[in-house]
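# Residue-level structural notes
Chain by chain, the residues run as shown.
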Amino acid sequence: LCHFPRRAVVVRLALPLALPLALLLVALTAAAGTAIVQPVELEPDVRFWMRVYSEVSTNAGFIHDQRNLAVVYETLHFDADLPPRQRESLVDAAREHYRQMLRHLGSGATPQNDEELRVQGLWSGAAAARLLQAADDVRFQLGQSDRFRAGLQRAGTWEKHIAQSLAAQGLPAEIAALPHVESSFQPQAMSKAGAAGLWQFIRSTGRRFLRIDKDVDERLDPYRATEAAAQLLVYNFRVLGTWPLAITAYNHGAGGMRRARTQLGTDDIVKIVRNY
């Protein structure tokens, strides 16, 4: 396991259909005196994301079940120079292959070959109805190991300032790993949704803590953005009361997490991950 002093490897969560960002903290070594939980129920999810960040690069990925991350059907590998559309065609074909197989098994039919036996084994003990549901949950996850390694190299530039900024606000030291999820420690990173910088602030949230106008965009200043991220996380924790919820709110918003808590009547991150 590659890691910085005082914190362990981070898992990738800032993706469509991915589990909440709070799972990041499950994969980190909890600091003494902090309230970061490590639920046993989420360990299979954590192991999956650790594989994404350590086993496969952006020239490969997993065909898997989006609800049960312990179920990985296949690892796809791509030629580095393969055009994006051809990659998409290969992924679509693989997903459809497993959908059809699961529909066949879900109909109650006997496995026809070794591959169907293998897939049935991944769902050992599951009812036919569960296999039919799984046919709708086949997903592809691109690997991240090369991006993660590059992020580890870049992170040293801001490591000291991040640690100092978090300590100044009384935040758990493990949160220093968050930019691995957000930007792979690229200070000029821009997302399709308009988030920018090391900590991926959108404009509306960033303006609460940073100067963002036609002349200056402090989201792209890794030092100022770090201080702003610490302030935002302090606010989230004050509103929500637990670090798993506060970290998830970094992407989903404090209001969104309040709604999740109210709807399910719990602060339990496992129940929220599974049911919200």
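Residues numbered from 1 in each chain as written. Predicted model: local features only at pLDDT ≥ 70, side-chain atom pairs only at ≥ 80, totals over all residues. Heavy atoms only, no water.

This part takes up the overall build of the chain. Within the chain one finds 13 helices and 3 strands. Looking at the chain residue by residue over its 276 residues, the buried ones come to 48%. Look at the contacts in the chain between residues 6 or more apart in sequence, and 55% of them connect residues 24 or more apart. (Helix = DSSP H or I, 4+ residues; strand = E, 2+ residues; numbered from the N terminus. Buried < 20%, exposed > 50% of the residue type's maximum accessible area, 1.4 Å probe, protein only. Contact = heavy atoms within 4.5 Å.)

Taking 1.5 Å of rise per residue, 19 residues should cover 27 Å, and helix H10 (residues 222–240) covers 26 Å from first to last C-alpha, within 8% of that figure. Taken together, the buried positions of H10 are Pro222, Ala225, Thr226, Ala228, Ala229, Ala230, Leu232, Leu233, Val234, Asn236 and Leu240. Here the buried face of H10 lies against helix H7 (159–168), helix H8 (178–182), helix H9 (203–206), helix H11 (243–252) and helix H12 (254–264). For H10, the capping residue at the N-terminal end is Asp221, with a side-chain oxygen 2.9 Å from the backbone nitrogen of Tyr223. Of the residues one or two after H10, Gly241 is the one with positive phi, at around 90 degrees. (Expected span 1.5 Å × (residues − 1). Polar contact = N/O pair within 3.5 Å; in protein donor to acceptor, adjacent residues only side chain to side chain.)

Overall, antiparallel pairing links the 3 strands, which are arranged S2-S1-S3 in an open sheet. Taken across any chain shown, the strands that pair with only one partner, and hence form the sheet edges, are strand S2 (72–77) and strand S3 (138–142). When the angles between neighbouring strand axes are averaged without regard to direction, this sheet yields 25 degrees. (Pairing = 2+ DSSP bridges. Axes fitted to C-alpha atoms, helices over the stretch in contact; angles between N-to-C directions.)

This part is about the pattern of salt bridges. Under the criterion given, the structure shown has 14 salt bridges. A salt bridge links Asp45 to Arg274; its shortest N-O distance comes to 2.8 Å. With Asp45 in helix H2 (residues 43–54) and Arg274 in helix H13 (residues 269–275), the pair connects residues that are 229 residues apart, well separated along the chain. A residue is classified by how much of its surface remains accessible, and Asp45, at 2% relative accessible area, is buried. Exposure remark for Arg274: the relative accessible area of 38% places this residue in the partly exposed category. The partner of Glu96 in a salt bridge is Arg103, with the nearest N and O atoms 3.6 Å apart. Since its relative accessible area comes to 29%, Glu96 is described here as partly exposed. Accessibility expressed as a relative area gives 37% for Arg103, which makes it partly exposed. When salt bridges with common partners are traced through the structure, they connect Glu96, Arg99 and Arg103 into a single cluster. (Salt bridge = Lys/Arg side-chain N within 4 Å of Asp/Glu carboxyl O.)

Below, the discussion takes up the packing of aromatic side chains. Per the counting criterion, the structure on display carries 8 aromatic pairs. Taking 5.1 Å as the distance between ring centres and 80 degrees as the angle between the ring planes, the aromatic pair formed by Phe48 and Trp49 counts as edge-to-face. Judged on exposure class, the residue Phe48 and its partner Trp49 are both buried. A ring pair is formed by Phe78 and Phe140, whose centres lie 6.0 Å apart and whose planes are at 70 degrees; its orientation type is edge-to-face. Highlighted residues: Phe78 in the loop between S2 and helix H3 (84–106) and Phe140 in strand S3, separated in sequence by 62 residues. For Phe78, a relative accessible area of 9% translates into the label buried. Members of the aromatic cluster, connected to one another through ring pairs, are Phe48, Trp49 and Phe62. (Phe/Tyr/Trp six-rings, centres within 6.5 Å; stacked < 30°, edge-to-face > 60°.)

On to the nonpolar core. If you look at the biggest cluster of nonpolar residues, it comprises 27 residues, and the most contacted ones within it are Trp199 and Phe201. If you list the elements that add at least two residues to this core, you get H7, H10 and H11. Setting aside anything within four residues of it in sequence, one finds Phe201 in contact with Gly194, Ala195, Ala196, Gly206, Phe209, Leu210, Arg219, Ala225, Ala228, Ala229, Leu232 and Tyr250. (Core = buried A, V, L, I, M, F, W, Y, C linked by side-chain atoms within 4.5 Å.)

With that out of the way, let us pick up the confidence of the model for the chain. Low pLDDT marks regions whose predicted coordinates should not be analysed in detail. Of the residues in the chain, 87% have a pLDDT of 70 or more, and the chain-wide mean is 88. Here residues 1–20 is a poorly scored stretch, pLDDT under 50, and it has 65 contacts once near neighbours within four places are set aside; other chains count. (pLDDT = per-residue confidence, 0-100.)

Of all the residues in helix H6 (residues 145–155), the buried ones are Ser145, Phe148, Gly151, Leu152 and Ala155. For H6, the buried positions fall inside an angular range of 115 degrees around the axis, keeping them on one side. Tucked inside the fold, the buried residues of H6 contact H2, H7 and H8. (Arc of directions from axis to C-beta.)

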